[in-house]
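Notes for the structure review
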Amino acid sequence: MANPRFALFSEVFAALAHPKRLEIIHILGRGEHTAGQLVELTGLSKANVSQHLNVLKARGLVHCEKCGTFCHYTLTTPKVLEACELMRQVVVEQMEEFTETRRALATVLPFPEDQKERG
């Protein structure tokens, strides 16, 4: 059986593991939005936005406050954005390392055997 702490972490990371949910988090990081506004900003259908918001709400990342016939969505904490920013930094570092490796490999001369086969 999985350690409950790691199982909970895994569930939160799974909620963050979809590009459109990350986009919704990014949008909500700028402020409160209705589902209709999120539909416009993401280009998703209302049903699809609703599904993504339900996943984010279930994991405690997004809060919904009803105001008349509208639901206004916000992040539950700015720490959600901070976590996303940390992961963005990790990805950027990985990309830089990959670019440096590609650059280094591009300067490697072919083996002498490779030159014979081509000639």
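See above for the structure.
Residues numbered from 1 in each chain as written. Predicted model: local features only at pLDDT ≥ 70, side-chain atom pairs only at ≥ 80, totals over all residues. Heavy atoms only, no water.

To continue, consider a nonpolar patch on the surface. A contiguous nonpolar patch, built from Phe 6, Leu 8, Phe 9 and Phe 13 and spanning about 430 Å² of accessible area, is present on the exposed surface. Summarising the element assignment, Phe 13 is placed in helix 1 (residues 4-15). (Patch = residues over 30% accessible without salt bridge, like charges linked within 9 Å, V, L, I, M, F, W, Y side chains within 5 Å. Areas by Shrake-Rupley, 256 points an atom, 1.4 Å probe, with all protein chains shown as cover. Salt bridge = Lys/Arg side-chain N within 4 Å of Asp/Glu carboxyl O. Helix = DSSP H or I, 4+ residues; strand = E, 2+ residues; numbered from the N terminus.)

Moving on, we get to the sheet that holds strand 2 (residues 62-67). Sheet architecture is open: 3 strands sit in the order 1-3-2, paired in antiparallel fashion. With one partner strand each, in any of the chains shown, strand 1 (33-34) and strand 2 form the two edges of the open sheet. Two elements, strand 2 and strand 3 (residues 70-75), share 6 bridges in a ladder whose sense is antiparallel. The partner of Val 62 across the bridge, within strand 3, is Leu 75. Sitting on the sheet, helix 4 (residues 46-58) is in contact with strand 2 and strand 3, with an inclination near 115 degrees to strand 2. (Pairing = 2+ DSSP bridges. Contact = heavy atoms within 4.5 Å. Axes fitted to C-alpha atoms, helices over the stretch in contact; angles between N-to-C directions.)

This part covers the pattern of salt bridges. Enumeration over the complete set of coordinates arrives at 3 salt bridges. When the shortest N-O distance is used, the salt bridge between Glu 11 and Arg 59 registers 3.6 Å. Note that Glu 11 is positioned in helix 1 and Arg 59 in the loop between helix 4 and strand 2, a separation of 48 residues in sequence. Arg 59 sits in the partly exposed class, given a relative accessible area of 36%. Note that Lys 20 and Glu 23 form a salt bridge whose closest N and O atoms lie 3.0 Å from each other. Here the residue Lys 20 and the residue Glu 23 both occupy positions in helix 2 (residues 19-28), the gap between them amounting to 3 residues, near one helical turn. Judged by relative accessible area, which is 26%, Glu 23 ranks as partly exposed. (Buried < 20%, exposed > 50% of the residue type's maximum accessible area, 1.4 Å probe, protein only.)

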